[in-house]
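Listed here are the chains, written in short residue letters.
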Amino acid sequence: MPLRTFIESLCSSQCAGRAPGSAGGRAARALVAEAFREVGLEPTEQPVPGCGGANILAPLRGAQDRWVLVAAHYDHLGREGSHTYHGADDNAAAVAIMVEVARALRRDPPKGRGVLFAAFDGEEPPYFLSEGMGSEHFALHPTVPLNTIDLMVCMDLVGHAIGPEGAPEEVRQSVFALGAERSEGTAALVERLARVEPGVILRRFDAETVPPLSDYWGFWRRNVPFLFLTNGRWRYYHTPEDTPDKLDYAKIEATARWLERLVREACARPEPKVRFLSGVRDDASTLRSLMDLLANLESLSPMAALGRASAEQLLARCDASGRLADAERAQFLMLVGQLERGLA
Ligand SMILES: [Zn+2]
């Protein structure tokens, strides 16, 4: 099924907002399982009693008994009164990207590690950060040992162009990559690939820049290397207006091609095990990403130049490991918040 058609199916009235345990949630699950079967994988369901739904897991075995986990939640907020929450950006687009990556990797399998594709249920409230959250359930009852996962890639809100219409492509085509600093070699890998795929630009942010936002949370807490890809919360976030017509399909396709490359490289990494790094925080990479984005926004807003100067000052105050003193964090987080609101 073409990518756009698949997203539209997940956002159809039949799926009714994909609430876990609802008829619409079951219809969505059937669509996702069918999509994995169509690309040649054999998906299985993992019931998630805490939300009344189920995860869909589709492994592609590799030469090594180690894994790269590619994940996106497929549930959404369901219906409320006469409103349906369609959840095109949150998170149908990510599920479609995951299926495209599965298609490409099934056709021409990566060297080294296997890839486990996971469509998680129960990510949205009221299950978020509870045992009814599909990813948390998986982490408690993993189908492959967690210490054999060398990278968990989590996608959420990856369907839209960033910033107002008319913003430069450097901004519109951005995808934020969080958490790369938390495992050895992953930041270097993301940076090397940041601009290799036309149509998409990866920008690193530290995982502590925002509160826990998605399925990577249960893996981070259990010291599994992770990478969170997101285009951030936009103006249609968690509203009935998050519909397929507002997505950027060229960017979605570019993101799928980019992720295919990343997963290939992550599978083929030569080290026997990727080391999780606890206690690191890379404020410097966040500030560099902020400065570059703000430089591109200066023609649109006089505030951008001020923000950029402030980011530059903070960058000069980072220590050798890229960390800001706690006393500077308030200004840092305010800057991130302002940019997020400005781009929404
Ligand atoms: Zn959501």
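What you see is a predicted model, and the numbers here were worked out from it, not measured in a lab.

Caption draft 1: Structural view of the nonpolar core. Core analysis: the largest hydrophobic core is formed by 87 residues, its most contacted members being Val95, Ile97, Met98, Met152 and Val153. If sequence neighbours within four positions are ignored, Met152 has contacts with Leu69, Ala71, Tyr216, Phe219, Val224, Pro225 and Phe226. Judged by nonpolar contacts, the second largest core, of 18 residues, contains Ala161, Ile162, Leu287 and Leu290.

Caption draft 2: The arrangement of the packing of helix α1 (residues 3-10) against helix α3 (residues 88-107) in detail. Contact pair α1 / α3: the axes reach a minimum separation of 9 Å and the direction vectors enclose 140°. What the angle tells us is that α1 and α3 run oblique. Helix-helix and strand crossings are classified by hand; for α1 and α3 the assignment is right-handed. Side by side, α1 and α3 meet where Leu3, Phe6, Ile7 and Leu10 of the first sit next to Ala88, Ala92, Ala93, Val95, Ala96, Val99 and Glu100 of the second. Looking at the contact of α1 with α3, its residues break down into 10 nonpolar, no polar and one charged.

Caption draft 3: Structural context of unusual backbone geometry. Residues Asp90 and Asn91 are joined by a peptide bond in cis, for which omega reads 15°. Checked against the element boundaries, Asn91 lands in helix α3. Note the cis peptide between Pro125 and Pro126, where omega equals 10°. Looking at where Pro126 falls in the secondary structure, it is placed in the loop between β6 (114-120) and α4 (134-140). At Arg18, a residue that is not glycine, the phi angle is positive and equals roughly 55°.

Caption draft 4: Focus on the domain arrangement of the protein. In terms of domains, the protein is made up of domain 1 (3-267) and domain 2 (283-343). Between domain 1 and domain 2, the C-alpha centre-to-centre distance is 27 Å. The partner domain 2 presents 11 residues to the 15 residues of domain 1 that form the contact. Broken down by secondary-structure element, the contributors of at least two residues to the side of domain 1 that touches domain 2 are α5 (169-172) and β9 (201-205). The biggest single contributor to the side of domain 1 that touches domain 2 is β9, with three residues. Here the side of domain 1 that touches domain 2 is composed, by residue class, of five nonpolar, four polar and six charged.

Caption draft 5: Inspection of the pairing of strand β3 (residues 67-73) at higher detail. Counting buried positions along β3 yields seven of seven residues, so the element is predominantly enclosed. Here β3 shows two buried faces, one formed by Trp67, Leu69, Ala71 and His73 and the other by Val68, Val70 and Ala72. With seven bridges connecting them, β3 and β6 associate as parallel partners. Bridge assignment links Leu69 to a residue of β6, and that residue is Leu116.

Caption draft 6: Local environment of the pairing of strand β1 (residues 44-48). One ladder, built from five bridges, connects β1 with strand β2 (residues 53-60); its direction is antiparallel. Directly across from Thr44, in β2, lies its bridge partner Leu57. Between β1 and the antiparallel strand that follows it, β2, lie four residues; Gly52 among them carries a positive phi value of about 75°.

Caption draft 7: A look at the packing of helix α9 (residues 283-297) against helix α10 (residues 302-316). Orientation of α9 relative to α10, taken along the N-to-C sense of each, is 160°, at an axis distance of 9 Å. The angle between α9 and α10 places the two elements in the roughly antiparallel class. The hand of the α9/α10 crossing is left-handed. In this structure, α9 uses Ala284, Leu287, Arg288, Leu290, Met291, Leu294, Ala295 and Leu297 to contact α10, whose residues at the interface are Ala304, Gly307, Arg308, Ala311, Glu312, Leu314 and Leu315.

Caption draft 8: Expanded view of the sheet that holds β1. If you walk across this open sheet you meet the eight strands as β1-β2-β6-β3-β7-β10-β8-β9, and the pairing is mixed. Every other strand in the sheet has two partners, leaving β1 and β9 as the edge strands with one partner each. Strand after strand, the sheet turns through a mean of 25° between neighbouring axes, direction not considered. Across the sheet, helix α6 (residues 186-193) lies against β7 (149-155), β8 (174-178), β9 and β10 (226-230), angled at about 150° from β9, the strand it touches most.

Caption draft 9: Inspection of α10 at higher detail. End to end, α10 covers 23 Å across 15 residues, agreeing with the expected 21 Å (1.5 Å per residue, within 8%). Where α10 is concerned, the buried positions are Gly307, Arg308, Ala311 and Leu314. Along the long axis of α10, the arc covered by the buried residues comes to 125°, so they all point the same way. Exposed side of α10, more than 90 degrees from the buried face: Pro302, Ala309, Gln313 and Ala316 are the residues found there. Close packing links the buried residues of α10 with α9 and α11 (329-343).

Calculation criteria
- Each chain has its residues counted from 1, running along the sequence as written.
- At least 70 in pLDDT is required for a residue's local features to be given in this predicted model, at least 80 for side-chain atom pairs to be given and counted, and no such filter applies to totals for whole chains, interfaces and linings, which use all residues.
- Note on terminology: a nonpolar core is a set of buried residues of type Ala, Val, Leu, Ile, Met, Phe, Trp, Tyr or Cys, with members joined through C-beta atoms within 7 Å.
- Exposed residues have 12 or fewer other C-beta atoms within 10 Å of their own C-beta, buried residues have 20 or more, and partly exposed residues fall in between, where C-beta atoms are placed from the backbone.
- For every residue pair, C-beta atoms are placed from the backbone, and the pair is scored as a contact if these atoms sit within 7 Å.
- Between N-to-C directions, angles cover 0 to 180 degrees, with each direction set by a line fitted to C-alpha atoms, over the stretch in contact for helices.
- For helices the rule is a DSSP run of H or I covering at least 4 residues; for strands it is a run of E covering at least 2, with both sets numbered from the N terminus onward.
- Roughly parallel means an angle under 35 degrees; roughly antiparallel, over 145; roughly perpendicular, 65 to 115; everything else is oblique.
- Two helices that cross are described as forming a left-handed crossing if the nearer one is turned anticlockwise from the farther one by less than a right angle, and a right-handed crossing if clockwise.
- Ten residue types, Ala, Val, Leu, Ile, Met, Phe, Trp, Tyr, Cys and Pro, are classed as nonpolar, four, Asp, Glu, Lys and Arg, as charged, and the remainder, Gly among them, as polar.
- Note: domain ranges come from an automatic or database domain assignment.
- Any two strands between which DSSP finds at least two bridges are classified as paired.
- Given the number of residues in a helix, its expected span is that number minus one, multiplied by 1.5 Å.
- The arc in question is formed by the directions pointing from the helix axis toward the C-beta atoms.

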